[in-house]
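# Understanding the architecture of this molecule
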Amino acid sequence: MSEISKLPRHVAIIMDGNGRWAKAHKLQVAQGHRRGTETLRSIIRESSDLGIEALSLYAFSTENWKRSPAEVGALMSLLLEYFTSEIDELDEKNVRIRILGDKDGLPGPQKQALIAAENRTRENTGLKLNIAINYGARDEILRAVKELAGRAARGEIAPEAITAADFEAALYTHGLPDVDLLIRTSGEMRLSNFLLYQCAYAEMTFPTVLWPDFSLEDYHSALAAFGKRDRRFGGRNE
Ligand code: IPE
Ligand code: IPE
Ligand code: MG
């Protein structure tokens, strides 16, 4: 990894293309999602080995409930299977798991498994692994607004005194750095309601490879490209 001069602190990935991968292989969509979890496993491991501070993965959006009950059911089963089978290794690797999104909207067993994973890894100090499930950025922003409005209505905070830090503390991502690098596989060039606030100054890359085929080499090229970007944040670099 010597070509990677500057690592992003926070990488966000929109894992897209499982459906098209399944179709291309004449398989059921659930098989595409299953293959996608294999990519997930290797990217998490690599991020931890590289010493990346935070990795946020988009696994299920607030809009993905629009899919067929069969597909939603397959995704929910995979989710449970994944957390059950991976938790020991993730914990051993000192990974700290956080779920971004509304866990209350999930079926009971999934909700319990996610809460258990968060609790078990809470004190871990390695990779901050954030998995977005039943997550939508608009929903997240609206929740933060409601929380702050509630505090203002109760007289706990003056509306004019609300700071960016107060707002950020009310987001699912509280305490995490802004996203430095956003990767979306499958060639789609949109955010699809992912981390809208946190990506304000993210560098973005849209590899055309489908998520089940996204390799460590693809990941390394995205990281290497990031290292060459000239980030200005509205200012000027010498
Ligand atoms: C991404 O793959 C995974 C989820 C949205 C859960 P898709 O299922 O969206 O794959 P495409 O876009 O249909 O190929
Ligand atoms: C975004 O992908 C959500 C996840 C990857 C979990 P989608 O496939 O749902 O997004 P659209 O519908 O193409 O925008
Ligand atoms: Mg998609």
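Read on for a plain summary of the structure.

Calculation criteria
Residues numbered from 1 in each chain as written. Chains lettered and ligands numbered in written order. Predicted model: local features only at pLDDT ≥ 70, side-chain atom pairs only at ≥ 80, totals over all residues. Heavy atoms only, no water. Pairing = 2+ DSSP bridges. Helix = DSSP H or I, 4+ residues; strand = E, 2+ residues; numbered from the N terminus. Axes fitted to C-alpha atoms, helices over the stretch in contact; angles between N-to-C directions. Contact = heavy atoms within 4.5 Å. Polar contact = N/O pair within 3.5 Å; in protein donor to acceptor, adjacent residues only side chain to side chain. Near = heavy atom within 4 Å. Areas by Shrake-Rupley, 256 points an atom, 1.4 Å probe, with all protein chains shown as cover. Nonpolar A, V, L, I, M, F, W, Y, C, P; charged D, E, K, R; others polar. Phe/Tyr/Trp six-rings, centres within 6.5 Å; stacked < 30°, edge-to-face > 60°. Buried < 20%, exposed > 50% of the residue type's maximum accessible area, 1.4 Å probe, protein only. Lys NZ or Arg CZ within 6 Å of the ring centre and 35° of its normal. Right-handed = clockwise from strand over helix to strand, strands pointing away. Parallel < 35°, antiparallel > 145°, perpendicular 65-115°, else oblique. Left-handed = near helix turned anticlockwise from the far one by under 90°.

Quick look at the sheet that holds strand S3 (residues 96–100) now. Sheet strands pair by backbone hydrogen bonding; their relative direction is either parallel or antiparallel. The strand order S3-S4-S2-S1-S5-S6 describes an open sheet built from six strands, whose pairing is parallel. Every other strand in the sheet has two partners, leaving S3 and strand S6 (203–205) as the edge strands with one partner each. Looking at each pair of strands side by side, their axes are set apart by 20 degrees on average, direction ignored. Two elements, strand S1 (residues 10–14) and strand S5 (residues 181–184), share four bridges in a ladder whose sense is parallel. The partner of Val-11 across the bridge, within S5, is Leu-181. Against the sheet, helix H2 (residues 29–50) touches S1, strand S2 (54–61) and strand S4 (128–135), its axis set at about 160 degrees to S2.

In this section: the side chain of Asn-124. Secondary-structure assignment places Asn-124 in the loop between helix H4 (108–121) and S4. Within the structure, the side chain of Asn-124 is placed 2.8 Å from the side chain of Asp-91, a separation counted as a polar contact. Leaving out residues up to four positions away in the same chain, Asn-124 has contacts with Asp-91, Asn-94, Val-95 and Arg-96.

Turning to the site of ligand 2, a few remarks are in order. Close to ligand 2 lie Ile-14, Met-15, Asp-16, Tyr-58, Ala-59, Phe-60, Asn-64, Arg-67, Arg-184, Arg-190 and Ser-192, which account for all nearby residues. The contact in question runs from an oxygen atom of ligand 2 to an N or O atom on the side chain of Asp-16, over 3.3 Å. At 3.2 Å, a side-chain N or O of Arg-184 approaches an oxygen atom of ligand 2. The protein chains hide 77% of the 390 Å² of surface that ligand 2 would expose on its own. Counted by class, the shell around ligand 2 contains five nonpolar, two polar and four charged residues.

As a matter of local geometry, ligand 1 sits amid Met-15, Asp-16, Gly-17, Asn-18, Gly-19, Arg-20, His-33, Ala-59, Asn-64, Arg-67, Glu-71 and Leu-75. Gly-17 has a polar backbone atom sitting 3.3 Å from an oxygen atom of ligand 1. In the environment of ligand 1, an oxygen atom lies 3.1 Å from a nitrogen or oxygen atom belonging to the backbone of Asn-18. Burial of ligand 1 by the protein chains amounts to 82% of its free accessible area of 380 Å². Contributions of two or more residues to the shell around ligand 1 are made by helix H1 (18–24) and helix H3 (69–92). Examining the composition of the shell around ligand 1, we find that three residues originate from one element, H1, more than from any other. Taken together, the residues that form the shell around ligand 1 break down as three nonpolar, five polar and four charged.

This paragraph deals with the packing of aromatic side chains. In total, this model carries ten aromatic pairs according to the counting rule given. An angle of 85 degrees between the planes, with centres 5.8 Å apart, marks the rings of Tyr-82 and Phe-83 as edge-to-face. Comparing Tyr-82 with Phe-83, the two get one shared label, buried. Against the face of Phe-226 rests Lys-6, its NZ or CZ located 6.0 Å from the ring centre.

Moving on, we come to the pairing of S3. For S3, a buried count of four out of five residues is recorded, marking the element as mostly surrounded by other parts of the structure. Once you follow S3 into H4 and on to S4, the crossover reads as left-handed.

It is worth spelling out the packing of H2 against H3 at this point. In contact at an axis separation of 10 Å, H2 and H3 are set at 25 degrees when each is read in the N-to-C sense. One way to sum up the angle between H2 and H3 is to call them roughly parallel. Here H2 and H3 pass one another in a crossing that is right-handed. Within the contact between the two elements, H2 uses Val-29, Ala-30, His-33, Arg-34, Thr-37, Leu-40, Arg-41, Ile-44 and Arg-45 and H3 uses Glu-71, Ala-74, Leu-75, Leu-78, Glu-81, Tyr-82, Glu-86, Glu-89 and Leu-90. Counted by class, the contact of H2 with H3 contains nine nonpolar, two polar and seven charged residues.

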